[in-house]
Amino acid sequence: MLLGQLNAAASPLSQEQVQKLQGLVAELNPIQQAWVSGYLAANANTAALGGVVGAAPSAGEAAALTILYGSQTGNAKGVATKLKEQAESRGLAVKLVSMSDYKPTALKKEKFLSVVVSTYGEGEPPEDAETLHEFLATKKAPKLDGVKIAVIGLGDSSYEFFCQTAKDFEQRLNKLGAETIYQRADLDVDYDDEAATWITGALDAFEPDLKAQQGATAGQVVSFGAPATAASQYTKQNPFAAELSLVQKITGRDSTKDVRHVEISLEGSDITYTPGDSLGVYFLNDEALVDEVLELTQIDAAAIVKLGEEELSVRDALIEKLELTQSYPGFVEKYAVATGTPELLKLVEDKAAMREYIEPRQIFDVIRQNPAKLEAQTLVDCLRKLQARLYSIASSQAEVEDEVHLTIGLVEFEAFGSEHLGGCSGYLARRAEEGCKVKVFSEHNDNFRLPANDETPVIMVGPGTGIAPFRAFLQERDAREASGKNWLFFGNPHFTQDFLYQVEIQGYLKSGLLSKVDVAFSRDQAEKVYVQDKLRQNSKDVFAWLEAGAHFYICGDANRMAKDVHQALLDIIKENSGKNDEDAEQYLKDLRSANRYQKDVY
């Protein structure tokens, strides 16, 4: 029977369950649907035999290694999954759990605990780690004497509060009595090799006690939770060479912003994505600037260098493999030592001065302002591997099939007498030609998803390029013929120059897919108006939608916009419910716990 033919008379499910099932199936690709079908069949068979899928003997539970992960873009989840796989290969029982699904009160039952967590913004925990992170600092947190832990953090050393969340977790767990049995690792963006080394060391530390306690389960390996869905063969480590089909400017000639609509063909790949996911894009550095770097360091472009196990010319390495735009302290430190430059060596001793120095500079600038003769391999060893840039996907495969669309703002600024461009945005907007190959992979984001029930209303706040995932949401809901109401808040400087996807949005409004659209063009009147102002102007209706079960989404700038929108929401809740500050915050925490308040911010 087709799912669409289910009805109350023919199905043992309630109407609400049918709708939820239809919503879930609509999100899945054929491979995922097949897996779910097999999983449900196995679940039914196990239940018929009196068992429960994922259940374990009590002794096994006591001897399991619990791996908690908090992940903003999926990297920490990936490391946690590798830790789980390695543990299972040693015959160890494992529980892999997202912090968003973990009950903090369960901590008192743990004996062996590993935390894998990323940091974003100004040292803040990822969305799914917020509740646990906060709980550990309260008086409600239980004593953890006898609990053995190992913590690994992922971050970006170009930011001041590098891996702060991992440091917080370890410190708070230790304060509660837990014992760190393997040294914490704080990993930078190029983390794969170090993560693998840490996993081996951490499991070496956990294994003896785990194995001793697992004796009671006769060596049975117990995995908790459903297995992962079939993944694409194309990953961050093995990207797909996709064709760049279209790069089109979608801001006006007089706009202060240069925003491009980008279309990439996924034909010939097995890459699938869900609205809310991101696309990782690798790019090529500017050849003219690479040649300038080689001239400033007096390096022969044809000199052969080694990157891991690969040998190639230094020029090719600088164009294709190494980071030359985004500055970070590690480069300045290594370059200072390699060149013996006194001014740079002083910065190594002063973290605050280092931050101030790198903030306006790209790596090109550091070399340009401190030229010195170097060996080719020495320069390469100063640099870290080029990292893919992640962009929120602006399309639904239900509409565009084997394509993926992005909305990319060109990063451009004047500094030290010359124009500077962002690494990936500069490549796509200025240098890449339509028809060329671009290496890409999809990055799933389980923390930014449409509601499974198509009748659920949604409120979307996406100023600027933050509109991208909501274009995907609207395409998806249109394809599903979802009946839930949709309300979009969009903002940018000028109506005539910066109304991204205006025709599409007006079309959705006319068709009824969009129930409401509120726009904030900040520079079109004397007093600046932003999306948070539009929310406040619609205070009563926004609260009514939330009370009716609406999901609330924010995409865009993390440091200002998302915080201003959060504050506006708190004010709306207090104004319409009479709650105080603490209760209003709890209201939003409850929404977040129910996956009804989600952010994709950067």
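Counting restarts for each chain: residues are numbered from 1 in the order of the written sequence. The model is predicted, so local features are restricted to residues of pLDDT at least 70 and side-chain atom pairs to those at 80 or more, both for listing and for counting; the totals for chains, interfaces and linings are taken over all residues. By convention in this description, side-chain values take in all heavy atoms of the structure and omit both hydrogens and water.

**Some details on the overall build of the protein chain**
- Strands here mean DSSP runs of E at least two residues long; helices mean DSSP runs of H or I at least four residues long; both are numbered from the N terminus. Assigned secondary structure in the protein chain consists of 23 helices and 21 strands.
- Categorising residues by exposure relies on relative accessible area from a 1.4 Å probe, with only protein chains included: less than 20% of the type maximum marks a residue as buried, more than 50% marks it as exposed, and the intermediate range marks it as partly exposed. The buried share of the protein chain, reckoned over its 602 residues, is 51%.
- Whether two residues are in contact is decided by their heavy atoms, any of which lying within 4.5 Å being enough. Long-range pairs, those at least 24 residues apart, make up 76% of the contacts in the protein chain with a sequence separation of at least 6.
- Values of accessible area rely on a 1.4 Å probe in the Shrake-Rupley scheme; residue burial ignores everything except the protein chains shown. Surface accessibility of the protein chain: about 27800 Å² in total, with carbon and sulfur atoms responsible for 49%.

**As for the packing of helix H21 (residues 539-547) against helix H22 (residues 561-577)**
- Where helices are involved, their axes are fitted lines through C-alpha atoms of the stretch in contact, as for all axes, and angles between N-to-C directions lie from 0 to 180°. Between H21 and H22, whose axes approach to 9 Å, the crossing angle comes to 90 degrees. Classified by the angle their axes make, H21 and H22 are roughly perpendicular. Residue-level contacts link Ser539, Lys540, Val542, Phe543 and Leu546 of H21 to Leu569, Ile572, Ile573, Glu575, Asn576 and Ser577 of H22.
- Following the grouping adopted for this structure description, the nonpolar residues are Ala, Val, Leu, Ile, Met, Phe, Trp, Tyr, Cys and Pro, the charged ones are Asp, Glu, Lys and Arg, and the polar ones are all others, Gly among them. Across the contact of H21 with H22, the residue classes break down as six nonpolar, three polar and two charged. Angles are sorted into four bins: roughly parallel if under 35 degrees, roughly antiparallel if over 145, roughly perpendicular if 65 to 115, and oblique for all others.

**Some words on the sheet that holds strand E16 (residues 437-443)**
- Two strands qualify as a pair provided that DSSP identifies no fewer than 2 bridges between them. In space, the six strands of this open sheet follow the order E12-E9-E16-E7-E8-E13, with antiparallel pairing throughout. The strands lining the two open edges of the sheet, one partner per strand, are strand E12 (389-392) and strand E13 (403-409). Across the sheet, the mean angle from the axis of one strand to that of its neighbour is 40 degrees, orientation sign disregarded.
- Where strand E9 (residues 278-281) and E16 come together, four bridges link them in antiparallel fashion. Counterpart to leucine 279 in the pairing with E16 is serine 442.

**Thoughts on a negative patch on the surface**
- Taken together, the side chains of Glu243, Glu267, Glu401 and Asp402 define an acidic patch exposed on the protein surface.
- Relative to the assigned elements, glutamate 243 resides in strand E7 (residues 240-249). Any residue with relative accessible area above 30% and no salt bridge may belong to a patch, with like charges joined within 9 Å and the nonpolar Val, Leu, Ile, Met, Phe, Trp and Tyr side chains within 5 Å. Salt bridges are defined by distance alone: a side-chain nitrogen of Lys or Arg within 4 Å of a carboxyl oxygen of Asp or Glu. Asp and Glu are treated as the negative residues and Lys and Arg as the positive ones, with His and the ends of the chain left uncounted. Every charge is mapped to an atom, namely NZ of Lys, CZ of Arg, CG of Asp or CD of Glu.

These results come straight from atomic positions and should not be treated as a statement about function.
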